[in-house]
Amino acid sequence: MPGAPVSRAPAPRPPDPRPLTGEPLALDLLNTRWAQDGAVRDLLGDADGPAVWLAANGLDERFTADAATVRRLLDARDAIEAAVEGAGTERLDSVLEHGRVRPTLTAEGPGERTEFADETWGPAWLAARDYLELLTRAPDRIRGCAHEACTLHFFDTSRNGARRWCSMATCGNRVKASRHHARSKEA
């Protein structure tokens, strides 16, 4: 029809370039910064990166990747990293001050709703809250990759709790290959 507005599908988002995805929200936020080919990459520092992260975690329906939200995510990432490394909890508590869980009663029964005085704190608060839930479930299963050049974190869901690598296909194989190479040189 002439003169009718043309509706366009939203532009496709670039793929998530991170080597490890699908971890619990708190650890997935930590994994937005990683080492690749000797350089540090930062998904939250890329133009499309924050939107990619929100979409990867199903948060893009409720939140936008505006500058304020990205600043809050960076604060939360640093706070979670400090907590994981045992460098204090004050920063994490500061992030958690920006939201709350409100108990509700629905037709289906008891429920909860998250509330934020400022919606730009939403994704950051949810990641900080997720870290608390991981600590409640199994704090000893929150791990950093054992490869010395890797900065990624994971929640060990293996049966025996002995996972050491972010990925056996990458870091695990690198370590095994370097050990094999060292043994071959000695022989």
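Only a predicted model underlies this, so the values are computations on that prediction, with no experimental measurement involved.

1. Focus on the nonpolar core
Looking at soluble globular proteins, one finds that nonpolar side chains tend to be buried together.
Consideration 1: Core analysis: the largest hydrophobic core is formed by 40 residues, its most contacted members being L29, W53, I80, L92 and C166.
Consideration 2: At the level of elements, α1 (25-30), α2 (49-56), α3 (67-84), α4 (90-96), α5 (122-137) and β6 (153-155) are the ones that each hand at least two residues to this core.
Consideration 3: With 7 residues, α5 is the single largest residue contributor to this core.

2. Observations concerning the packing of aromatic side chains
Consideration 1: For the coordinates displayed, the defined rule picks out 2 aromatic pairs.
Consideration 2: Where F116 meets W125, the ring centres are 5.5 Å apart and the plane angle is 70 degrees; that geometry is what we call edge-to-face.
Consideration 3: Classification of F116 as buried rests on a relative accessible area of 10%.
Consideration 4: Taking the relative accessible area as the measure of exposure, W125 reaches 3% and is therefore buried.
Consideration 5: Aromatic rings pair up to connect F63, F116 and W125 into one cluster.
Consideration 6: Sitting over the ring of F154, R163 keeps its end group 4.0 Å from the ring centre.

3. Notes on the state of the cysteines
Linking two cysteines covalently through their sulfur atoms gives a disulfide.
Consideration 1: Under the defined criterion, the tally for this structure stands at 0 disulfides.
Consideration 2: Free cysteine C150: the closest other cysteine sulfur is in C171, separated by 3.7 Å.

4. Quick word on the packing of α3 against α5
For any two helices packed against each other, one specifies the crossing angle of their axes together with the interaxial distance.
Consideration 1: With their axes 8 Å apart at the nearest point, α3 and α5 run at an angle of 15 degrees to one another. Overall, the two elements α3 and α5 adopt an arrangement that is roughly parallel. Taken as a pair, α3 and α5 cross one another with a handedness that is right-handed. Between α3, through T69, R72, L73, A76, I80, A83 and V84, and α5, the contact on the second element is made entirely by P123, A124, A127, A128 and Y131.

5. Observations concerning the pattern of salt bridges
Consideration 1: Enumeration over the complete set of coordinates arrives at 13 salt bridges.
Consideration 2: A salt bridge links D28 to R18, with the shortest nitrogen-to-oxygen separation between them at 3.1 Å. Taken as a pair, D28 in helix α1 and R18 in the segment before α1 lie far apart in primary sequence, 10 residues in all. The same class applies to D28 and to R18, which are both buried.
Consideration 3: A salt bridge links E115 to R102, with the shortest nitrogen-to-oxygen separation between them at 3.7 Å. One end of the pair, E115, is in strand β4 (residues 109-116); the other, R102, is in strand β3 (residues 99-106), and 13 residues separate them in sequence.
Consideration 4: The exposure class assigned to R102 is partly exposed, which follows from its relative accessible area of 31%.

What counts and how
Residues numbered from 1 in each chain as written. Predicted model: local features only at pLDDT ≥ 70, side-chain atom pairs only at ≥ 80, totals over all residues. Heavy atoms only, no water. Core = buried A, V, L, I, M, F, W, Y, C linked by side-chain atoms within 4.5 Å. Buried < 20%, exposed > 50% of the residue type's maximum accessible area, 1.4 Å probe, protein only. Helix = DSSP H or I, 4+ residues; strand = E, 2+ residues; numbered from the N terminus. Phe/Tyr/Trp six-rings, centres within 6.5 Å; stacked < 30°, edge-to-face > 60°. Lys NZ or Arg CZ within 6 Å of the ring centre and 35° of its normal. Disulfide = S-S within 2.5 Å. Axes fitted to C-alpha atoms, helices over the stretch in contact; angles between N-to-C directions. Parallel < 35°, antiparallel > 145°, perpendicular 65-115°, else oblique. Left-handed = near helix turned anticlockwise from the far one by under 90°. Contact = heavy atoms within 4.5 Å. Salt bridge = Lys/Arg side-chain N within 4 Å of Asp/Glu carboxyl O.

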